[in-house]
Amino acid sequence: MLTLRWFPWLVIAAALLCSGRAEARSYPALFGAKEIGSANWSFNKGVVPEWKAMLGRWKSGAPCESKVCTSKSWSALVAQVKGAGDAKAQLDAANSLMNMHPYIEDMPNWGKTEFWATSYEFLKKSGDCEDYSIAKYMLLKEAGIPIENMRIFSVRLRSLGGIGHAILVVYQGNKAWVLDNRNSKVLDASLIRLEFQPVMSLNEQQWWYHLPSK
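Here we summarise the structure given alongside this text.

What counts and how
Residues numbered from 1 in each chain as written. Predicted model: local features only at pLDDT ≥ 70, side-chain atom pairs only at ≥ 80, totals over all residues. Heavy atoms only, no water. Pairing = 2+ DSSP bridges. Helix = DSSP H or I, 4+ residues; strand = E, 2+ residues; numbered from the N terminus. Disulfide = S-S within 2.5 Å. Buried < 20%, exposed > 50% of the residue type's maximum accessible area, 1.4 Å probe, protein only. Core = buried A, V, L, I, M, F, W, Y, C linked by side-chain atoms within 4.5 Å. Contact = heavy atoms within 4.5 Å. Salt bridge = Lys/Arg side-chain N within 4 Å of Asp/Glu carboxyl O. Arc of directions from axis to C-beta.

It is worth spelling out the sheet that holds strand β2 (residues 150-157) at this point. Strand order in the open sheet formed by seven strands is β1-β7-β6-β2-β3-β4-β5, with antiparallel pairing between adjacent strands. The open sheet is flanked by β1 (34-38) and β5 (187-188), the only strands paired with a single partner.

This brings us to the state of the cysteines. If you walk through the whole model with that rule in mind, you get one disulfide. Disulfide pairing places C64 opposite C69 at an S-S distance of 1.6 Å. Taking the sign of the S-S torsion, about -50° here, the bridge from C64 to C69 comes out left-handed. Accessibility expressed as a relative area gives 4% for C69, which makes it buried.

The biggest cluster of nonpolar side chains holds 45 residues, and the ones touching the most others in it are W74, W116 and L140. Setting aside residues up to four positions removed in sequence, W116 forms contacts with L2, V47, E50, W51, M54, R57, E121, E130, D131, I134, I152 and L202. Counting residues in hydrophobic clusters, the runner-up holds 15 residues, among them Y27, F153, I167 and I192.

This part is about the pattern of salt bridges. Summed over all chains, the structure comprises seven salt bridges. With a closest N to O distance of 2.6 Å, D188 and K175 form a salt bridge. Taken together, the positions of D188 in strand β5 and K175 in strand β4 (residues 175-179) put the pair 13 residues apart, joining distant regions of the chain. As a salt-bridge pair, E195 and R182 come within 3.3 Å of each other at their nearest N and O atoms. Separated by 13 residues along the polypeptide, E195 in the loop between β5 and β6 (196-202) and R182 in the loop between β4 and β5 bring together distant segments of the chain. Looking at R182, the relative accessible area reads 43%, which means it is partly exposed. One salt-bridge network, in which partners are shared between bridges, spans D180, R182 and E195.

The next point concerns the side chain of E195. The buried category is assigned to E195, whose relative accessible area is 16%. Excluding residues within four positions of it along the chain, E195 makes contact with R156, L157, R158, S159 and R182.

For the rest of this paragraph, the subject is the pairing of β2. With respect to burial, β2 is a largely interior element, eight of its eight residues being buried. Residues M150, I152, S154 and R156 of β2 are buried on one face, and the alternating residues R151, F153, V155 and L157, pointing to the opposite face, are buried as well. Here β2 runs beside strand β3 (residues 163-172); their pairing, made up of eight bridges, is antiparallel. Bridge assignment links F153 to a residue of β3, and that residue is I167.

Within helix α3 (residues 74-82), burial applies to W74, L77, V78 and V81. Angularly, the buried residues of α3 cover 100° about the axis, an arc narrow enough to put them on a single face. Residues of α3 that are exposed and point more than 90 degrees away from the buried face comprise S75 and A76. Among the structural elements, α2 (48-58), α4 (87-99), α6 (119-125) and α7 (129-143) are those in contact with the buried residues of α3.

The quantities given are spatial measurements derived from coordinates; they are silent on function.
Structure, rendered in structure tokens:
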């Protein structure tokens, strides 16, 4: 379960003003929220620090074999996704392959209330919602999906009283697909827009703050 920290809009605004609005591809509006992007990676609020720490341990996919990580099956998983067919079939394959792992909360798994695992750490120890999303993101990246077409979203689940969660969103043109560890199928974001209240989202290019919908 993702622990979401709410923080004042003024803090976000300061970070955005320091870096300016980030230039990137245009994205369709999702989940009824407006968004503002930034490439100011010195920002240390919300999910940004966990993401940066994970990328530091990931080391661009350098092989890892220890008590907490394994890269042994990674190449086979990438090949399986690549061979699945068209882009949508690749999303289906990545979602299915990673959702096979058991769900484990951060505290019993890592002894921390919040820990974003690399894909290799996830393969070794499994994880919770953001770890599924990270593993799918990295798997699809290796299979050839451009990173600018993917984002990990920290959200609140409206159907569960606003509990924190994380999903992977993959864009194909103006269409967006949701990969969620709670669902075996990849979902059309436009059909489930009322389920998610986005807080922040990110990829390796930038991060976005989402203004709450009224």
